[in-house]
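# Working through the structure, step by step
Residues per chain, in single letters:
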Amino acid sequence: MPKDQALDSRDYNLGQGNWADVGMYIQTIMLAARGLGLETCPQAAWVPYQEAVFRQLGVPADQILVTGMSIGYPKHNAIENTLVSDREDIANVVKYSGFD
Ligand SMILES: Cc1cc2nc3c(=O)[nH]c(=O)nc-3n(C[C@H](O)[C@H](O)[C@H](O)COP(=O)(O)O)c2cc1C
């Protein structure tokens, strides 16, 4: 396989237009899990450990680790699950244009 063609198949070649694809894919898994009574917690904290994670799971080195995700049945009364964090006001993160 020519070198440039090999590069084209790499996850590293994903561009700006693919950022949303990755997020939507992650969220689809999270929503499907909820439908099955499961809870999830995406964790980008795994990213610096990509090499060790790939070695353990046998993932080829031309892939890229975007996030890990814990998944399991919830224990709602566990102390760590009782924290309810504040939410940013939607007006501070969304700008509506052309809806006046
Ligand atoms: C892709 C992705 C990666 C994340 N990585 C981390 C992480 O590494 N560490 C962390 O504390 N929270 C991380 N978060 C946030 C938590 O998964 C979670 O959303 C946050 O603790 C808020 O939980 P809540 O929405 O139930 O309040 C990440 C979220 C997303 C969507």
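See the structure printed just above.
It should be emphasised that the depicted structure is a prediction, and the values quoted were computed from it without experimental measurement. (Residues numbered from 1 in each chain as written. Predicted model: local features only at pLDDT ≥ 70, side-chain atom pairs only at ≥ 80, totals over all residues. Heavy atoms only, no water.)

A separate point is the overall build of the chain. The helix and strand tally for the chain stands at three helices and two strands. Classification of the 100 residues of the chain by burial places 9% in the buried group. Long-range contacts, defined here as pairs at least 24 residues apart, represent 62% of the contacts in the chain between residues at least 6 apart. As displayed, the chain offers around 8,900 Å² of accessible surface, 57% of which is attributable to carbon and sulfur atoms. (Helix = DSSP H or I, 4+ residues; strand = E, 2+ residues; numbered from the N terminus. Buried < 20%, exposed > 50% of the residue type's maximum accessible area, 1.4 Å probe, protein only. Contact = heavy atoms within 4.5 Å. Areas by Shrake-Rupley, 256 points an atom, 1.4 Å probe, with all protein chains shown as cover.)

The next thing to look at is the environment of Asp62. Its location among the elements puts Asp62 in the loop between helix 3 (50–57) and strand 2 (68–72). For Asp62, a relative accessible area of 28% puts it in the partly exposed group. Along the backbone, Asp62 and Tyr12 are 50 residues apart, and their C-alpha atoms lie at a distance of 7.5 Å. Looking at Asp62, its side chain comes within polar contact range of the side chain of Gln63, at 3.2 Å. (Polar contact = N/O pair within 3.5 Å; in protein donor to acceptor, adjacent residues only side chain to side chain.)

Further remarks concern the site of the ligand. Taken together, the neighbourhood of the ligand is formed by Cys41, Pro42, Gln43, Ala44, Ala45, Thr67, Ser85 and Arg87. Contact between the ligand and Ala44: a nitrogen atom at 2.6 Å from a main-chain N or O atom of the residue. A distance of 3.2 Å is found between an oxygen atom of the ligand and a side-chain nitrogen or oxygen belonging to Ser85. Out of a free accessible area of 620 Å², the ligand has 40% covered by protein chains. Looking at the shell around the ligand, its residues break down into four nonpolar, three polar and one charged. (Near = heavy atom within 4 Å. Nonpolar A, V, L, I, M, F, W, Y, C, P; charged D, E, K, R; others polar.)

This model, assessed by the stated rule, comprises one salt bridge. With its nearest N and O atoms 3.7 Å apart, the salt bridge here joins Glu39 to Arg34. (Salt bridge = Lys/Arg side-chain N within 4 Å of Asp/Glu carboxyl O.)

A few words on helix 2 (residues 19–35). Over its 17 residues, helix 2 extends 25 Å from the first C-alpha to the last, a length consistent with the 24 Å expected when each residue adds 1.5 Å. Looking one or two residues beyond helix 2, the residue adopting positive phi is Gly37, at roughly 80 degrees. (Expected span 1.5 Å × (residues − 1).)

On the surface, a cluster of nonpolar side chains totalling about 580 Å² of accessible area is made up of Ile90, Val93, Val94, Tyr96 and Phe99. Along the chain, Tyr96 falls in the segment after strand 2. (Patch = residues over 30% accessible without salt bridge, like charges linked within 9 Å, V, L, I, M, F, W, Y side chains within 5 Å.)

With respect to the element layout, Gln50 can be found in helix 3. Classification of Gln50 as buried rests on a relative accessible area of 16%. A distance of 2.9 Å separates the side chain of Gln50 from the backbone nitrogen of Leu65, its partner in a polar contact.

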